[in-house]
Amino acid sequence: MHPASPKVKRYLDAAMIARVATVSSGGKPRITPLWFVHKDGRLYLNARADSPAVKAIRANASVVVLLSPEKARTRSRKVLKLKGTATFEAGKQYSPGMLLRFALKYYLSPGGVRSFIASRRTMGARARYYRERAGEAGGIEITPEGAEITTPA
Amino acid sequence: LTAKQITRAVPPADLADLLARRDTASLAWNAGGAPEAATVPFAFRDGRYNVKPPSGLGEGTEVAMLIDEGWYNAELRGVHVRGTLGTMDEDGWAVMAPSRVNAWDYGEMRTRDG
């Protein structure tokens, strides 16, 4: 399946979490759940520069991404699998349009607002968690080169 | 470097409910130097990670497995298990021998010694 096909876009629209498989410089596999948005067939994800996923991508740009159509609220267990290459940019400055995509998906959506309100007990700890990691953020950009729909055996 | 005081790490046992509830996991492995991955049947029984890997993956294959849930910040939690596949049974299930297990829960962030 071509990664730019309308079917792939439907999965990308319906997925909330990208599960990104990488291989480290030592050959160790890893799979990391990350927030993402997509535009023009490419995936954009936030990650910390010192995270194992980013270290792996810097050593080996090949990635596989698993995406479930979570928002579609279907009973389907089908999963979109994308194969592609990834790059990481430390301190990535997204355009206002891309920041808005992230905000609308994860913070300003009804579920995002509900989650924010429900989690006010730990808000102080979370604010400090991100303060302690300020300056470590960056952006991963994934260019898919192949796509297939899979079903668990 | 400033030591980080706040952590999202939790003992894997704290996510026993998630492990017990899920019947699929995301599995990754090294396929000749490039990553490969699939969603596979999963069962957590008696404290052991049982998976049904795709055909072609045999005993001793090094894999990474992810069982996670949540969409929004404070809901995100999961378990990442690195290890090797054990012997396949006649139905194609294998028990993972974990070498490293990490768990996190963004809803339970706290100071490391707290």
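Here is what the cut-offs are and how they apply
- Residues numbered from 1 in each chain as written.
- Chains lettered and ligands numbered in written order.
- Predicted model: local features only at pLDDT ≥ 70, side-chain atom pairs only at ≥ 80, totals over all residues.
- Heavy atoms only, no water.
- Pairing = 2+ DSSP bridges.
- Helix = DSSP H or I, 4+ residues; strand = E, 2+ residues; numbered from the N terminus.
- Axes fitted to C-alpha atoms, helices over the stretch in contact; angles between N-to-C directions.
- Contact = heavy atoms within 4.5 Å.
- Buried area = accessible area lost by both parts, 1.4 Å probe.
- Salt bridge = Lys/Arg side-chain N within 4 Å of Asp/Glu carboxyl O.
- Polar contact = N/O pair within 3.5 Å; in protein donor to acceptor, adjacent residues only side chain to side chain.
- Nonpolar A, V, L, I, M, F, W, Y, C, P; charged D, E, K, R; others polar.

Chemist: Is there a simple way to explain the sheet that holds strand β6 (residues 77-88) of chain B in this structure?
Modeler: Backbone-to-backbone hydrogen bonds join strands into a sheet, with any given pair of strands oriented parallel or antiparallel. Residue and element names in this part refer to chain B. The sheet built from six strands closes into a barrel, its strands ordered β2-β3-β4-β7-β6-β5 with antiparallel pairing. In this sheet, adjacent strand axes meet at a mean angle of 40° when their direction is disregarded. In the sheet, β6 pairs with strand β7 (residues 94-105) via ten bridges, with the strands oriented antiparallel. Within the sheet, the bridge partner assigned to Met-88 lies in β7 and is Ala-94.

Chemist: I would appreciate a short explanation of the interface of chain B and chain A in the present structure.
Modeler: Note: interface size is frequently given as the accessible area lost on complex formation between the parts. The partner chain A presents 46 residues to the 40 residues of chain B that form the contact. With both chains or domains summed, chain B and chain A bury close to 3,700 Å², and 58% of this area falls on carbon and sulfur atoms. Contact with chain A buries area across many residues of chain B, yet Pro-35, Trp-71 and Tyr-72 of chain B alone supply 20% of it, more than any other trio. Inspection of the chain B/chain A interface yields six salt bridges. Note that Arg-77 of chain A and Asp-23 of chain B form a salt bridge whose closest N and O atoms lie 3.2 Å from each other. Our count for the contact surface shared by chain B and chain A stands at 15 residue pairs in polar contact (both at pLDDT 80 or more). Breaking the side of chain B that touches chain A down by element, the ones donating at least two residues are β2 (24-31), β3 (34-45), β5 (62-69) and β6 of chain B. Element by element, the count of residues in the side of chain B that touches chain A is highest for β3 of chain B, at seven residues. Along the lines of polarity and charge, the residues of the side of chain B that touches chain A split into 19 nonpolar, eleven polar and ten charged.

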